[in-house]
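# Analysis of the macromolecular model
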Amino acid sequence: MAENDNSENAAQAAKAQRRIDLPLYETIALTLQGGGALGAYQAGVYQGLHEVGIHPNWIAGISIGALNTAIIAGNAPEHRVMRLLEFWETICQPAFGLPIPAVVERALFDSADAVRKAFTAMQAVGALVEGQKGFFVPRFPPPSPITSGSPQTASYYDTTPLKATLERLCDFDRINSGETRVSVGAVNVATGNFAYFDNTRIKLRAEHFIASGALPPGFAAVEIDGQFYWDGGLMSNTPLYEIAQATPRRDTLAFQVDLWSARGPVPDNIVDVMGRVKDVQFSSRTRLVTDQMQRAQRYRNVLRHVLDLLPDDVCKSDEWCKLAEELACSKHYNIVHLIYRHKEYEGHFKDYQFGFSTMREHWASGLEDIRRTLTHRDWLERCRTTSRAS
């Protein structure tokens, strides 16, 4: 049976690796939502895109999506999957102690549901108590609730190790070369305004990506040019809107990879309530955004068609026609939407449960989902506006 399974997996991988020649889109975007430990799912999705030769020319991310963005954009295409794996294998280790032997961890993870739930809960507690290697460590002494200090230390954990990890695994000269457009979202703590750090406007550093994932009160605000920033997921956890509202408008194929599902069962216990709250809070209603985009783009297309029916002298002389000309658009937007599906054994701590086996399962889920999605070649064709879910 094992040999048959291996043969089937090998055949599936070989089939997936056949190159896909896309229509002539001006922008191929990859947008990555925040979700902590669930972000390994996005790495699997990227691997699947890489297998068939789809290389995004614009990557936008928030929180863990921003960190994955840094790894992808900060490496040559042939090294990206390897660097993503190195990143995830690093941060899925305890910050100080030795990881559980792989054989033992796998045995516990593959046990009965009750054992698996207890084991993964223990790993989540380990992340809270000890931190994760190359990512974050607890502050000692912990922050006092009654004394003031620097905004950069007003948190339970220190993310200094993450800066060293990103600088080791990412080539920031490549990120800023313009080879790939890169955008990461954060929130200005003082103004409450949303901000996108974009390599077409500024030179990106590790701090910009860390700021995008600085979720309080766990992580402290990050200072950039005299301003302090928190995790962009506090305001909007889905970077798709940044792609959609960009001008000049371009024919776009966007792969939107979400880590939280807006849809889910109604919880019947307090633990599941906590998990469902996160799902609703951080899903950021991607479906609503895509529906709004579809309607707006349809209006632009209709306006373009109507203007094309009018005489040229009217279009050039009438002020309303001139305004309509600015709003009209005949570009095509195609959104392929992938959503991580909650596993039965996962609790409300799934976003900070960094176990090796869980990471590999998340990665495999993303790879499987994108491979299955890419079998629907018609979903990749140019269309006026559409949204596909996997």
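Note that this is a predicted model, so its numbers are computed, not measured. (Residues numbered from 1 in each chain as written. Predicted model: local features only at pLDDT ≥ 70, side-chain atom pairs only at ≥ 80, totals over all residues. Heavy atoms only, no water.)

## Structural notes on the side chain of R80
Heads up, the condition is: Going along the chain from the N terminus, every DSSP run of H or I of four or more residues is numbered as a helix, and every run of E of two or more is numbered as a strand. Throughout this description, a polar contact denotes any pair of N or O atoms lying within 3.5 Å of each other; where both atoms belong to protein, one of them has to be capable of donating a hydrogen while the other can accept it, and for residues adjacent in sequence the pair is counted only when both atoms sit in side chains. Whether two residues touch is decided by their heavy atoms; if any such pair falls within 4.5 Å, the residues are in contact.
Tracing the sequence through the fold places R80 in helix α4 (residues 80-91). A polar contact is formed between the side chain of R80 and the backbone oxygen of I72, at a distance of 2.7 Å. Here the side chain of R80 touches N75 through a polar contact of 2.9 Å, landing on its backbone oxygen. With residues up to four places along the chain from it excluded, the contact list for R80 reads Y46, I71, I72, A73, N75, E179 and T180.

## Digging into the confidence of the model for the protein
The criterion, for reference: Residue-level confidence of the predictor is what pLDDT reports, using numbers from 0 through 100.
Mean pLDDT over the protein works out to 89, with 93% of the residues at or above the 70 mark. This stretch, residues 385-390, has a pLDDT under 50; its non-local contacts, to residues over four places away or in other chains, come to 26 contacts.

## Describing the nonpolar core
Counted only if it meets this: What is meant by a nonpolar core is a set of buried Ala, Val, Leu, Ile, Met, Phe, Trp, Tyr and Cys residues, joined one to another through side-chain atoms within 4.5 Å. Exposure is judged per residue with a 1.4 Å probe applied to protein chains only, and the accessible area is read against the type maximum: over 50% gives exposed, under 20% gives buried, and values in between give partly exposed.
Judged by nonpolar contacts, the single largest core of 70 residues is most densely connected at L30, W88, L166, F209, F255 and L374. Counting residues per element, this core draws most heavily on helix α3 (residues 64-73), at seven residues. Ignoring anything within four residues of it in the chain, the contact list for L374 reads I20, G48, L49, V52, I54, F255 and L380. A60, A244, A246 and A254 belong to the second-largest nonpolar core, a separate cluster that totals eleven residues.

## Some thoughts on the environment of H362
Within the fold, H362 resides in helix α15 (residues 356-374). Given a relative accessible area of 1%, H362 falls into the buried group. Considered as a pair, H362 and V45 are 317 residues apart in the sequence and their alpha carbons are 10.0 Å apart. Residues within four places of H362 in sequence aside, it is in contact with A37, L38, A40, Y41, Y340, Y345 and E346.

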